Amino acid sequence: MAGFLCILRLAATKNLPPGLFGKQSDRFPWRFSVGAFSSTAELQGTPEEDAARSVSAVSRPSGRRVKLPKRIVRSPTDILDALASTVGKDATGPHYRYVDDPFFIPTNATNRRIFALSKESGRKAARYMVKKYPALFEKPKADPEISAFLAASQLGSQRPTEPTVKDIVDCMRKGALVAAFEAYTELNEKTPEAITPELRQELLERLCFHNSDDAIDSDLLEEKWFAHYIQKEVRRRWKVGGPADKVFQDIKPKTAEAYAAMICANARFLHVEGANTLLEEMQQENLPIPVQVYNEMIKIVPLLKDSIDSRWEMTMSFLSSMNQAGVAPNLQTFNAVLEVISRIAMWRRSRSTALGVFAEMKRCGIEPSLASYHFLLQIFCRERGPISHILLDVLQALEGKELTLRDPKDSNFFPTAMDVAGRHLRDVAVARKVYDLLWTNNNSLFLTDALKDTVFHGNFLKVLVAGESVENFFKVYDELVPMTLVPDSNLLLEMVKMVEFHEEPQHLPRIWSDAVVFGLALKDNMLEPFLAVLLNNHREDLKEAFAAIALDVKTRIDAQFLDRANRIPWSGPVISSVVRLLLRNGQMEPAWEVVGNYINKKTETFGFPSEEALSELVDVLVAAEQPTRVKQCVTLASDLGFMDLVRSAEDLAKRLRLPEQEIQKWKRIGSGSVAASLGNI
Amino acid sequence: MALFSRNPLCQEFFRGFSASLARNSAAPLPFIRSFHTTLPTNRVQAGKYRSTQYKTRGLTYEQYYNPTFIGFAKGWNSWNTSNLRFANTEHQTAQITIYDMFIRKFIAGTFHNMFVSEVIIKQRHNVIYIAGIVHQTVPARKMYFLIGYTEEFLGFFLKCPVKMELQSVSSKKDSLFTYI
């Protein structure tokens, strides 16, 4: 009880959604009743006295009756919800799907995917065992038995010898539709009268919904999260002449429900001709057409017609036939119309028509869902179109509202909104508003797969990179990276540019270490520009840190396995930058090693070191009195055609105080044959 | 005889034995003094590790403390309510113990040579949590596969949700507490 009171107290402080704990006045029933009593009895005094008097009054039989508050009906998970609402998001820990241990926490995007899917793959392997050897899992018996944990719940691939109606129902409701259809076929041949029309209709609807495949296991969440199923499902084509078509043939006479299921499925799985033919049949037989059929037909209008006008004409004809038949439109109807408009690119009237649809929606008393706003943003904020600030109005309309998923496309809203805030409006304040909206209530559930999650957070950081101060940016960056988002090399490069623009190069080493952790450091689109930025900064206090980065690059490139398929070779600009950064910090040995390896062809290299790098190295080598190395460098310069360096060969030899004979040899490096000059000094 | 001299029980036994023999014959007993070839089984004890000559046997914290320290310096390996009076699992002590052993054997086979600690099995509500420290012998992605496999397999076997709570060490030495 004490725990429960604690929750109530928390609920009062945390501003829980209304409804969870009843109305404001109902939240503290005991206090309310005591207060009400004392006020009616018109007693004055301290709260303690009041309470004592009221208790004694209750015990008196002649006292006024205490009004007990009405019981608030709660759902079984209300307490869990209340507890969950007191816990925020932990930015420092990994997602619950990963083990909270450094070895198990994925640091780059690939590992995030692989780890989660590996775990799921293990689950599938176990399920395979359960399916193959169900007898091993019969004991121990559970009490009470929970069907989800029984090996029988995994069956469905096992065919019963004598299928009954119960087998069909069991298989069908477990999602084993292939098995259900097999049982159905067998039973339909032997005793078709045993199958009721309701059963046939249910089987047809389930087959239609899943395109005659087995249902996707709802326990296997990770695959759903990472594989972007929703998009895949759209790409899947309708199985023409498949189980659903066969069950539909068996239904005689054809009912409106059967037609409706078939048309919706044909349209959803992009078999547009089939959907159109069935609709015509349905109209000929004068069957009432339900609203879902109209919705699905409107959605495929862009596939049926090509030109802008004919598309709109067809949409309007569906709407007017709805009107004639007296079928009331619902949210999905309006969303379908908006989708059609959003798919007609470059239509002059698209904006005004979309607003008209919204007005009509309001007239019908239908609250727009997030999907409606998603289409609205798509219509108004086209990539090459004029800038529109409609997102601000949308955000205002959504403020303070509790959002629920009412349309499958609702989940597209947040990525679209962030995209508009970032790329269309380029406004940090708006982006932050969208971000805050995502983290109010349970709105983060609208990001339904990994792609949307990455796009949303990636775009958010990209807006901030462009418009925020370095300090503010890193505040958000630390919150999101790496647990929520692993940035890509584009974002890291943008960060490098930001740091350069604000002249705060002290952040560069940190960006480098992040790039290393995320496995992006040696990517060729990252490495060269990053090193170039390091070279451009001449801060005295940072040269040591920058040289450490250069040394890190060298170690990492050299440490790659020779047989690695995607090995990253040295490139000319990288060699030059590494050498110059090392020399700036007075590290001659590693710098020479890089160039020496290049000269002796010990490393795989594309391109060649630059003249500046080579002459800087030569200067340092001369100062260190290393004539052999200097000569190798000068020879290399003559091969590469850096004539300034070659011309100074004589000077160098003199500075090295070499004998006259040698000086003459060095003079000939540029003019004579290369092979001749490679002799010993 | 000298072998058993430290064990009072054995001394008692042999005293009685020699006395009964002595009644039958006055001669001294030659077989008692004979060479003993069996293992000194009296020195085998449960829960304690014998120290080595050069202190080379590594022990984990758990192994270092005798079973008498359970509840003081270390905890139990199985956590459940079957030994509590009036608990609804009161009569399932044997069953739960056997299933815990099954889980341990399953883990030993599935995470082969990976666990460097004891397998701790906790039953909370209807969930079984299996905790322990593993050695990083295989890449993390393979470890995740094993975790998923174990959770699902044992879930179907024991008919309740099973969860694994693992921590890892890069070397087996990291889990050692002392050498004896």
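Residues numbered from 1 in each chain as written. Chains lettered and ligands numbered in written order. Predicted model: local features only at pLDDT ≥ 70, side-chain atom pairs only at ≥ 80, totals over all residues. Heavy atoms only, no water.

Take the interface of chain A and chain B next. Contact with chain A, which involves 31 residues of that partner, is made by 26 residues of chain B. Of all residues in chain A, the largest losses of buried area upon contact with chain B belong to Phe103(A), Pro140(A) and Phe149(A), amounting jointly to 27% of the total for that side. Taken together, chain A and chain B are joined by 3 salt bridges. A salt bridge links Arg123(A) to Glu152(B); its shortest N-O distance comes to 2.4 Å. Our count for the chain A to chain B interface comes out at 9 residue pairs in polar contact (both at pLDDT 80 or more). (Contact = heavy atoms within 4.5 Å. Buried area = accessible area lost by both parts, 1.4 Å probe. Salt bridge = Lys/Arg side-chain N within 4 Å of Asp/Glu carboxyl O. Polar contact = N/O pair within 3.5 Å; in protein donor to acceptor, adjacent residues only side chain to side chain.)

Residue and element names in this part refer to chain A. Under the defined criterion, the tally for this structure stands at 35 salt bridges over all chains. Residue glutamate 367 is joined to lysine 401 by a salt bridge in which the shortest nitrogen-to-oxygen separation is 3.0 Å. Of this pair, glutamate 367 sits in the loop between helix H18 (350-363) and helix H19 (370-380) while lysine 401 sits in the loop between helix H20 (390-398) and helix H21 (413-424), and the two are 34 residues apart along the sequence. Overall, lysine 401 belongs to the partly exposed group, its relative accessible area being 34%. For arginine 432, the salt bridge identified is with glutamate 468, shortest N-O distance 3.1 Å. Taken together, the positions of arginine 432 in helix H22 (residues 428-438) and glutamate 468 in the loop between helix H23 (450-467) and helix H24 (470-480) put the pair 36 residues apart, joining distant regions of the chain. (Helix = DSSP H or I, 4+ residues; strand = E, 2+ residues; numbered from the N terminus. Buried < 20%, exposed > 50% of the residue type's maximum accessible area, 1.4 Å probe, protein only.)

All names here are of chain A. Look at H19 against H20: their axes get within 10 Å of each other, and the N-to-C directions meet at 170°. On the basis of their axis angle, the class for H19 and H20 is roughly antiparallel. Seen from above, H19 lies across H20 with right-handed handedness. Contact residues: Leu370, Tyr373, Leu376, Leu377 and Phe380 in H19; Ile390, Leu391, Val394, Ala397 and Leu398 in H20. Looking at side-chain class alone, the contact of H19 with H20 contains 10 nonpolar, no polar and no charged residues. (Axes fitted to C-alpha atoms, helices over the stretch in contact; angles between N-to-C directions. Parallel < 35°, antiparallel > 145°, perpendicular 65-115°, else oblique. Left-handed = near helix turned anticlockwise from the far one by under 90°. Nonpolar A, V, L, I, M, F, W, Y, C, P; charged D, E, K, R; others polar.)

Glancing now at H19(A). All names here are of chain A. Buried residues dominate H19, accounting for 10 of its 11 residues. Of all the positions in H19, only Leu370, Ala371, Ser372, Tyr373, His374, Phe375, Leu376, Leu377, Ile379 and Phe380 are classed as buried. Summarising the contacts, the buried residues of H19 are in contact with helix H17 (331-343), H18, H20 and H21.

A word on the packing of aromatic side chains. All names here are of chain A. Scanning the model with the defined rule gives 35 aromatic pairs over all chains in all. The structure contains a cluster of three or more aromatic residues connected by ring pairs, namely Phe413, Phe414, Tyr435, Trp439, Phe446, Phe456 and Phe460. Geometry around phenylalanine 248 places lysine 254 over its ring, the cationic atom sitting 5.0 Å from the centre. (Phe/Tyr/Trp six-rings, centres within 6.5 Å; stacked < 30°, edge-to-face > 60°. Lys NZ or Arg CZ within 6 Å of the ring centre and 35° of its normal.)

Turning our eyes to something else, we now look at unusual backbone geometry. All names here are of chain A. In this chain, lysine 252 is followed by proline 253 through a cis amide linkage whose omega measures -10°. Here proline 253 shows up in the loop between helix H11 (243-250) and helix H12 (256-268). The step from valine 481 to proline 482 runs through a cis peptide bond, and the omega angle for that step is 0°. With phi around 60°, leucine 270 is a residue other than glycine that occupies positive phi space. When you line up the elements, leucine 270 lands in the loop between H12 and helix H13 (272-284). Classification of leucine 270 by relative accessible area gives partly exposed; the value is 24%.

By the element assignment, Glu152(B) lies in helix H4 (residues 140-158). Under the relative-accessibility criterion, Glu152(B) is labelled buried at 9%.

Now for the confidence of the model for chain B. Considering every residue of chain B, the mean pLDDT works out to 84; 76% of them sit at 70 or more. Taken together, the stretch residues 1-5 of chain B has pLDDT below 50 and engages in 9 contacts with residues farther than four places along the chain or on a different chain. (pLDDT = per-residue confidence, 0-100.)

This part takes up a nonpolar patch on the surface. Residue and element names in this part refer to chain A. On the surface, Ile79, Leu80 and Leu83 cluster together into a nonpolar patch covering about 270 Å² of accessible area. By secondary structure assignment, the location of leucine 83 is in helix H4 (residues 78-85). Assessed through its relative accessible area of 40%, leucine 83 is described here as partly exposed. (Patch = residues over 30% accessible without salt bridge, like charges linked within 9 Å, V, L, I, M, F, W, Y side chains within 5 Å. Areas by Shrake-Rupley, 256 points an atom, 1.4 Å probe, with all protein chains shown as cover.)

Okay, the sheet that holds strand E4 (residues 127-135) of chain B next. Residues and elements named next belong to chain B. Strand order in the open sheet formed by 4 strands is E2-E3-E4-E5, and the pairing between neighbours is mixed. Two strands in the sheet have a free side with no partner beyond their single neighbour: strand E2 (78-79) and strand E5 (162-169). Running at roughly 130° to strand E3 (residues 120-124), helix H3 (residues 93-110) makes contact with E2, E3, E4 and E5 of the sheet. On top of the sheet, H4 reaches E4 and E5; it is set at about 150° to E5, its chief contact. (Pairing = 2+ DSSP bridges.)

Before going further, it helps to examine the environment of Ala131(B). Looking at the element boundaries, Ala131(B) is found in strand E4. With 10 residues separating them along the chain, Ala131(B) and Ile121(B) place their C-alpha atoms 6.4 Å apart.

Our focus in this paragraph is the nonpolar core. All names here are of chain A. Residues Leu391, Phe413, Phe414 and Leu461 are the most contacted members of the largest nonpolar core, which totals 177 residues. It is H12 that contributes the most residues to this core, 10 residues altogether. Look past the residues within four positions of phenylalanine 414 in its chain and what remains in contact with it is Leu370, Val434, Leu437, Leu438, Asn443, Phe446, Leu447 and Phe456. (Core = buried A, V, L, I, M, F, W, Y, C linked by side-chain atoms within 4.5 Å.)

Residue and element names in this part refer to chain B. Here E4 runs beside E5; their pairing, made up of 8 bridges, is parallel. From the neighbouring strand, alanine 131 faces E5, where its bridge partner is glutamate 165. For the crossover that starts at E4, traverses H4 and ends in the parallel E5, the hand is right-handed. (Right-handed = clockwise from strand over helix to strand, strands pointing away.)

Residues and elements named next belong to chain A. Tracing the sequence through the fold places phenylalanine 334 in helix H17. Through-space distance from the C-alpha of phenylalanine 334 to that of isoleucine 298 is 9.6 Å; in sequence the pair is 36 residues apart. Apart from the residues lying within four places of it in its own chain, the contact partners of phenylalanine 334 are Pro329, Val357, Glu360, Met361, Cys364 and Ile366.

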